[in-house]
Amino acid sequence: MESKNNSRREFIKKSAIGIASFTIVPRFVLGKGYLAPSDHLTKGVIGVGSMGRGHFKYAGTKTVAICDVDSRHLAIAQKALGGGIKEYHDFRDLVKSPEVDIVHIATPPHWHGIMAVEAARAGKDIWCEKPMTRTIGEGEKVVEAVKQHGNMFRLNTWFRFDANFYGMNVPVKKIKKLVDTGMMGWPLKVTISQHTGFNWKFYWVGKESLPKQQVPKELDYDMWLGPAPYKPYSEHRVHTTFRGYWDYDGGGLGDMGQHYLDPVQYILGKDNESPVSIDVDAPQQHPDAVGTWRRITYTYADGCQIILDGEGKDVGKAFIEGPTGKLYKGFVCDIPNVEQKLAQYPDPEMQVTDFLRSVRTREKFALNEINGHRSATLVNLGAIALRLNRSLSFDSATQRFVNDEAANRLISQPMRGPWSI
């Protein structure tokens, strides 16, 4: 199977340009398992709650399979798709389906790592929701699997290459260009706050005392938990409000962190490194229920910082502050004639921002497993510091905490049997 997948990818990479000149190259001409670049790509979506159903709409692909552990979700999804779609209860059956080209993972984050690795082993390309993984160790496993099996991987946050970046009201490309010119100096400090246009969504907090309730007949709760520790069912623990519990996500930081932090990582040119220190100011966190926090500070080896202002303390603060310039919400800059000066510099290097092109040509997508793992690590570093409620030192190269056994135990957390990654 691995040999066949490698041959398929090499064929596509070498022949995509030549084949593109033909109108149609049917699948059977290339043989079973080969993808004709002119073909309509197929996808299977794992997790078809409200987030997962949003994955149906992406143009250029056809949904041929859906999977969920909640039969009610499957029924709603079938209706949205017009019926007749193959249904699966176990995601492992979906990823093995020869009809599926791309696996979309839209489950709670505690499943992302396992599902991405299984999809990679099955030779599928992968489109995964954020955060990429719930732990740093799971992210490392995804990077290894995708490298070994040659898959294309896309993380589903797009602000580094598309749309206006929240309160900045301009695409990230323009901010990246300004930083790259050096006009603001170095090192830089980035503040992510309600005052710079970002909402930390602190309504995603857990409840410390949950009532034990009857599991609904439509839900396979044991499979929903999967690798997470067993805890009695309570409605607030699953589906939309799962974000409030450390076993599955990380509250507002887990929900929005990669949306906010991935573009900042790109802007600062930090796609291949991580901060060396993480400092937190927060109430003591409950071991199960995620709480709020006041401030998280990431510091890189060169002195650059990312400040997460959770309490809205930094009124009037610049989004980016350097020794020789400041950039505020709405792309307001204190550098004189900044627009005219910017026009004299080249735009940032072009990225592959069409995932279907990545699938057909085997060019890496703009936000892939490697840089996506680094920005997910920012989220997970913050979560670990919050759970331990203290400052941490981190080795960017080894991706391990320095002389800190308790923090390192949270890098790869135990999984409930029979699950492993």
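No experiment lies behind these values; they were computed from the predicted model shown.

## Comments concerning the environment of I192
On the secondary structure map, I192 appears in strand β7 (residues 189-192). It is 32 Å that separates the C-alpha atoms of I192 and L225, two residues lying 33 residues apart in sequence.

## Quick word on the pairing of strand β5 (residues 125-128)
Here β5 shows no split at all, with D125 and W127 on one side and I126 and C128 on the other all buried. Looking at chain direction, strand β4 (residues 102-105) and β5 are connected through 4 bridges and run parallel. Bridge pairing links I105 to C128 in β5. On the question of chirality, the crossover connecting β4 to the parallel β5 by way of helix α6 (residues 112-121) is right-handed. Direction of pairing for β5 relative to strand β6 (residues 153-155): parallel, over a ladder of 3 bridges. Following the sheet pairing, I126 is matched in β6 by F153.

## Notes on the sheet that holds strand β3 (residues 86-88)
Reading across from one edge, β3-β2-β1-β4-β5-β6 is the order of the 6 strands in this open sheet, with parallel pairing throughout. The open sheet terminates on both sides in strands that have one partner only, identified here as β3 and β6. Neighbouring strand axes in the sheet, compared pairwise and without regard to direction, differ in orientation by 25 degrees on average. Pairing analysis gives 3 bridges linking strand β2 (residues 61-67) to β3, with the strands arranged parallel. Bridge pairing in β3 links I66 to E87. Against the sheet, helix α4 (residues 71-81) makes contact with β2 and β3, and its axis sits at roughly 160 degrees relative to β2, the strand it touches most.

## Notes on the confidence of the model for the chain
In the predicted model, the chain carries a mean pLDDT of 92, and the fraction of residues at 70 or more is 91%. Scored below 50 in pLDDT, residues 11-33 shows 31 contacts in the model against residues more than four places distant or in partner chains.

## What about the pairing of strand β9 (residues 295-299)?
Burial analysis of β9 places 4 of its 5 residues in the buried class, which makes it a mostly covered element. Direction of pairing for β9 relative to strand β10 (residues 305-309): antiparallel, over a ladder of 5 bridges. Residue T299 lies in a different strand from β10, and its bridge partner there is Q305. Counted between consecutive antiparallel strands, the loop separating β9 from β10 contains 5 residues, among which G303 sits at a positive phi close to 95 degrees.

## Structural notes on the packing of helix α8 (residues 172-181) against helix α10 (residues 251-267)
At a minimum axis separation of 9 Å, α8 and α10 run at an interaxial angle of 35 degrees. Seen along the crossing, α8 lies across α10 with a hand that is right-handed. Residues V172, I175, K176, V179 and D180 of α8 pack against P263, Y266 and I267 of α10. Taken together, the residues that form the contact of α8 with α10 break down as 6 nonpolar, no polar and 2 charged.

## A short note on the UniProt feature "domain: Gfo/Idh/MocA-like oxidoreductase N-terminal" (unreviewed entry) in the chain
Listed under "domain: Gfo/Idh/MocA-like oxidoreductase N-terminal" (unreviewed entry) in the UniProt record, and renumbered for this structure, are residues 44-156. Secondary structure across residues 44-156 divides into 39% helix and 21% strand, with the first and last C-alpha atoms of the span separated by 15 Å.

## Focus on the sheet that holds strand β15 (residues 400-401)
Read across the sheet, 9 strands follow the order β13-β12-β11-β7-β10-β9-β8-β14-β15 without closing on themselves; strand pairing throughout is mixed. If you trace the sheet from one side to the other, it starts and ends with β13 (332-333) and β15, each paired once. Across 5 bridges, strand β8 (residues 277-281) lies against β9 in antiparallel orientation. The residue of β9 that forms the bridge with V280 is I296.

About the thresholds
Residue indices follow the written sequence of each chain, beginning from 1 at its first position. Thresholds applied to this predicted model are a pLDDT of at least 70 for local features of residues and 80 or more for the giving and counting of side-chain atom pairs; totals over whole chains, interfaces and linings are not thresholded and use all residues. Side-chain numbers here rest on the full set of heavy atoms in the structure, without hydrogens or water. Think of it this way: any DSSP run of H or I at least four residues long counts as a helix, any run of E at least two long counts as a strand, and we number them from the N terminus. Partly exposed residues are those whose accessible area sits between 20% and 50% of the maximum for their type, while under 20% is buried and over 50% is exposed, using a 1.4 Å probe and protein chains only. Strand pairing requires that DSSP identify at least two bridges connecting the strands. Here the term right-handed applies to a crossover when the path leading from its first strand over the helix to its second strand runs clockwise, the strands being oriented away from the viewer. Between N-to-C directions, angles span 0 to 180 degrees; the directions come from axes that are lines fitted to C-alpha atoms, helices contributing only their stretch in contact. Contact criterion: two residues are considered in contact whenever any of their non-hydrogen atoms come within 4.5 Å of each other. A residue's pLDDT is the predictor's confidence in that residue, given on a scale from 0 to 100. For a crossing to be left-handed, the near helix must be turned anticlockwise from the far one by less than a right angle; the clockwise case is right-handed. Polarity classes work like this: nonpolar for Ala, Val, Leu, Ile, Met, Phe, Trp, Tyr, Cys and Pro, charged for Asp, Glu, Lys and Arg, and polar for all others, with Gly in that last group. UniProt positions are given in the numbering used here, feature names are shortened, and annotations may be inferred rather than shown by experiment.

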